Amino acid sequence: MGTRESNEETSGTGRRALLGAAVLGAGGAVLGMAGTARADSARHDGGHGGVKSLPRPTIIGHRGASGYRPEHTFGSYQLALDLGADIVEAGDLVPTRDGHLVCRHEPEIGGTTDVADHPEFAGRKKTKLLDGVSTTGWFTEDFTLAELKTLRAVERIPANRPHNTLYNGRWEIPTFEEVLRWQDEQTRKRGKQVWIYPELKHPTYFRKQGLPLEERVAKLLGKYRKDRRTSPVILQSFEPTSVQRLHKLVDNPLVVLLSSAGSRPWDFVETGDPRTVADLVKPAGLREIASYAQGIGPTLDLVVPRDAQGRLTQPTTLVSDAHKVGLILHPYTMRNENPFLPADFRKGTDPDAYGDVFGAYKAYFATGIDGVFTDQPDTGLLAREDFTG
C-alpha cells in the first residue's frame, strides 16, 4: 500500500463490527504474540457466525516485514508471520501483459527488482504517464509472467535499510495466486488462520489498458473460496470507485485508502469529481464510504497532523467521526527509522537509525485507531503490549 504515502508516513457497531468479526471469522484468531494484547469485547457480525475479536490495535505487516526484508517477497511475508503480525499485507496487485496478478509496490519495477541488470530487457524501459505523473522505468504490463519470473527482488529504500540489501536477489516476484496458496499452507502449518490484506494498485490506469483488476481479483478469490464475508482476505484501494466495484463482485471486507487531505483520488480526477480527500473525511464523505466499505486506511497525518517543523499537533476528529458511521480505521505507515517518524520522536539524523518509535506508537494508539500498518511488526506488537498493559 501507499502509492500516495507521504514520506513519513471505542467500539463500534454495524459495518465496523462486521470487519472486526470478519478479520477473525472463518478460522479463528490470529493472536500475534501469544495473545499478550487485551481483547475487545465480543462483536456480532449481523448473524453470520461467531463473535471473536482481533487483538487491538491490530498490527498489520506492511508489505510483509519490509523493515527487515525486501518488500513483497515470500521472505518478507513469512517473516511478518514469524514476528507475530495479525495480518500480512501480502500483495500490492498489478497485472502482467498476459493478465496475471503479481505483487509489486508499483507497476514500475526498476526500484524493486534487478530488471536493470538484464540486458535482454533494456529495450522495455519506457516513460509513461502513471496517474498523471511522468514515470520512467520498466512496467509489469510490458512483461509476461514468465519474463517477470526471471527477475529477483531488491530493497526499495537502501539508504534507509542498507541491511536489507543483504537479501537482494534472493526472492522472485510472487503472483497473487501463489500468495493465496501460501496463505492456505501457512494456515495449516501454524494451526491458526492467516489473514492477508491485498491492495489493488492504479485500477483506473489498468482498466484503460484493458487489464481490469477487480474482475481478476474476484475470479481468483472465488476459485479459492475466499470471496465471502468471513473470508480471511481484506481488500483495499485508493480509488473509491474501485472499492465500489469490488462491493458488487465479492463479499469480502473492503477498505478505502486515503492519502493527504489536499489530494484527489485518481478515479475522481478521471471522472471530473471535484472532491478531495478532505471532503471524504468529513462526516458526509464517511457516511458515503460506509455504504459500500467497512473501513478506511488514512495516512497517519489525517489522524494526527504535523506542524511546519514536522512535530505532532492535536488529533483530528477523524477517528470518532469514522466510528460514528461504523467504519474501522487502519492508518499507514509506522516505520522505526528516523526520517519516517514525527520530528519530536526522532533521535539524531542518521537515516538508518531508529528513533523513539514506541513514543510515536503511544501517541497514535491513544487516538483510538483500530490498527496500523507497520514495516516492523515486532515493534508494533511490543508497542501494543505497552499500550494495553
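Quantities reported herein were computed from a predicted structural model and do not represent experimental measurements.

1. Focus on the pattern of salt bridges
For the structure on display, the rule yields 30 salt bridges. Across the salt bridge formed by Lys201 and Asp92, the nearest N and O atoms sit 3.9 Å from each other. Residue Lys201 is located in the loop between strand E7 (199–200) and helix H5 (203–208), and its partner Asp92 is located in strand E3 (residues 92–95); the two are separated by 109 residues in the primary sequence. Notably, a salt bridge pairs Arg275 with Asp273, separated by 2.9 Å at the nearest N-O pair. According to the relative accessible area criterion, Arg275 is partly exposed, its value standing at 23%. Ionic contacts of the salt-bridge type, sharing partners, join the residues Arg63, Glu71, Asp92, Glu106, Arg156, Glu199 and Lys201 into one network.

2. Looking at the packing of helix H2 (residues 74–83) against helix H4 (residues 176–190)
Axis separation between H2 and H4 bottoms out at 12 Å; the angle between their running directions is 30°. Relative to H4, H2 is oriented roughly parallel. Considering the relative orientation of H2 and H4, their crossing is right-handed. On the side of H2, the interface is formed by Phe74, Tyr77, Gln78, Leu81 and Asp82, while H4 contributes Glu178, Val179, Trp182, Gln186 and Arg190. Across the contact of H2 with H4, the residue classes tally to 5 nonpolar, 2 polar and 3 charged.

3. Re helix H14 (residues 377–388)
Here H14 contains 12 residues, and its C-alpha end-to-end distance of 16 Å stays within 8% of the 16 Å for a straight helix at 1.5 Å per residue. Where H14 is concerned, the buried positions are Pro377, Thr379, Gly380, Leu381, Ala383, Arg384 and Thr388. Phi for Gly389, located one or two positions after H14, is positive at around 75°.

Rules behind the numbers
Residues numbered from 1 in each chain as written. Predicted model: local features only at pLDDT ≥ 70, side-chain atom pairs only at ≥ 80, totals over all residues. Heavy atoms only, no water. Salt bridge = Lys/Arg side-chain N within 4 Å of Asp/Glu carboxyl O. Helix = DSSP H or I, 4+ residues; strand = E, 2+ residues; numbered from the N terminus. Buried < 20%, exposed > 50% of the residue type's maximum accessible area, 1.4 Å probe, protein only. Axes fitted to C-alpha atoms, helices over the stretch in contact; angles between N-to-C directions. Parallel < 35°, antiparallel > 145°, perpendicular 65-115°, else oblique. Left-handed = near helix turned anticlockwise from the far one by under 90°. Contact = heavy atoms within 4.5 Å. Nonpolar A, V, L, I, M, F, W, Y, C, P; charged D, E, K, R; others polar. Expected span 1.5 Å × (residues − 1).

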